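Listed here are the chains, written in short residue letters.
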Amino acid sequence: MKRSTILASIAAVATAFPAAAWESGQELSAVLFESIDRTANGILDYAEITRMANDIAFSTDSDGNEEITLDEFMGWDFGFAYLAENEGEGDTFGAVKRVMFAVIDLDSNGVVDAREWRLNTRWNFERADLDGDAALTEDEFLNGWTPIVMLRAGRGS
């Protein structure tokens, strides 16, 4: 699939469900799960997770230099920022995103490169896969995928 098609898919998912329709981070996370589950089998395998992570990295890297800065990371969102701002939790949400960036930036040099992104994706997948079957159920994704858990925590849901 071409990157332009991937980005169009991300945009379609984000616009198909107006942010105002999401009452909680849990609902928004469920929409994300459905958009990643391209086989529509109710589970996410590592290939689907990797595709999603790569799509996010590509769309976050606004200058195309294959490194994600804190500013680029802070500027990308799937709808959680809207929910946080709407509930007066914007500052907390921003702090959580800064912590997320620090966790991903393994060498603490202020940029996340492809290796760091890939390692973080693998770690998040293994952490969420509670039963070790190399697939994430919706429950494992919603309650164990670190970025989802942290983003929801940053907006109180």
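Note: the structure precedes this text.
Analysis parameters
- Residues numbered from 1 in each chain as written.
- Predicted model: local features only at pLDDT ≥ 70, side-chain atom pairs only at ≥ 80, totals over all residues.
- Heavy atoms only, no water.
- Helix = DSSP H or I, 4+ residues; strand = E, 2+ residues; numbered from the N terminus.
- Buried < 20%, exposed > 50% of the residue type's maximum accessible area, 1.4 Å probe, protein only.
- Contact = heavy atoms within 4.5 Å.
- Areas by Shrake-Rupley, 256 points an atom, 1.4 Å probe, with all protein chains shown as cover.
- 1 Å grid on protein atoms, 1.4 Å probe; cavity = no way out; pocket = protein on both sides within 12 Å on 5 of 7 lines; lining within 4 Å.
- Points joined across faces, edges and corners; volume = space filled by probe spheres on them.
- Nonpolar A, V, L, I, M, F, W, Y, C, P; charged D, E, K, R; others polar.
- Salt bridge = Lys/Arg side-chain N within 4 Å of Asp/Glu carboxyl O.
- Expected span 1.5 Å × (residues − 1).
- Arc of directions from axis to C-beta.
- Polar contact = N/O pair within 3.5 Å; in protein donor to acceptor, adjacent residues only side chain to side chain.

S.K.: Would you mind going over the overall build of the protein in detail, with residue names and values included?
M.R.: Helices and strands together make up the secondary structure of the protein, namely nine helices and four strands. Tracing the protein from N to C terminus, the helices and strands come up as α-α-β-α-β-α-α-α-β-α-β-α-α. Taking all 157 residues of the protein together, 42% fall into the buried category. Counting only contacts in the protein whose residues sit at least 6 apart along the sequence, the fraction spanning at least 24 positions is 60%. With an accessible surface of roughly 8,200 Å², the protein has 55% of that area assigned to carbon and sulfur atoms.

S.K.: Give me the lowdown on the layout of surface pockets, citing residues and values where you can.
M.R.: Estimated volume of the largest pocket: approximately 380 Å³. Lining the largest pocket are 18 residues; nearest its centre among them are Asn54, Ala57, Phe58, Ala114 and Trp117. Taken together, the elements giving at least two residues each to the lining of the largest pocket come down to helix 3 (46–60), strand 2 (67–69), strand 3 (111–113) and helix 7 (114–128). Among the elements that line the lining of the largest pocket, the one with the most residues is helix 3, at six residues. Of the residues belonging to the lining of the largest pocket, the class tally is eight nonpolar, four polar and six charged.

S.K.: Please provide a residue-by-residue account of the pattern of salt bridges, values included.
M.R.: Evaluated as defined, the whole model comprises two salt bridges. Taking the shortest distance from any N to any O, the salt bridge between Arg38 and Asp55 comes out at 3.6 Å. Within this pair, whereas Arg38 is found in the loop between helix 2 (25–36) and strand 1 (43–45), its partner Asp55 is found in helix 3, the two being separated by 17 residues in sequence. The partly exposed category is assigned to Arg38, whose relative accessible area is 38%. Here Glu126 ties to Arg122 by a salt bridge, and the two come within 3.7 Å at their closest N and O atoms. Of the two residues, Glu126 and Arg122 both sit in helix 7, four residues apart, roughly one turn of that helix. On the basis of relative accessible area, Arg122 is assigned to the partly exposed category, the value being 34%.

S.K.: Tell me about helix 7, residues and numbers included.
M.R.: Taking 1.5 Å as the rise per residue, helix 7 with 15 residues should run 21 Å; its terminal C-alpha atoms sit 21 Å apart, in good agreement. Residues Glu116, Trp117, Asn120, Thr121, Asn124, Phe125 and Ala128 constitute the buried set of helix 7. End-on, the buried residues of helix 7 take up no more than an arc of 165°, which puts them together on one face. Measuring from the backbone nitrogen of Arg115 back to the side-chain oxygen at the start of helix 7 gives 3.1 Å, which picks out Asp113 as the cap.

S.K.: Give a detailed account of empty space enclosed by the protein, specifying residues and quantitative values.
M.R.: Counted by the stated rule, this structure contains two cavities of 30 Å³ or more. Within this model, the largest cavity holds a volume of roughly 350 Å³. Breaking the lining of the largest cavity down by element, the ones donating at least two residues are helix 3, helix 6 (90–104), helix 7 and helix 9 (146–153). Taken together, the residues that form the lining of the largest cavity break down as 16 nonpolar, four polar and two charged. Here the second largest cavity defines a volume of roughly 60 Å³. If you trace the second largest cavity, you find it lined by Met100, Val103, Ile104, Asn120, Trp123, Asn124, Thr146, Pro147 and Met150. When contributions to the lining of the second largest cavity are tallied by element, the ones reaching two or more residues are helix 6, helix 7 and helix 9. In terms of residue class, the lining of the second largest cavity is made up of six nonpolar, three polar and no charged.

Purely spatial values, then, with no claim about function.
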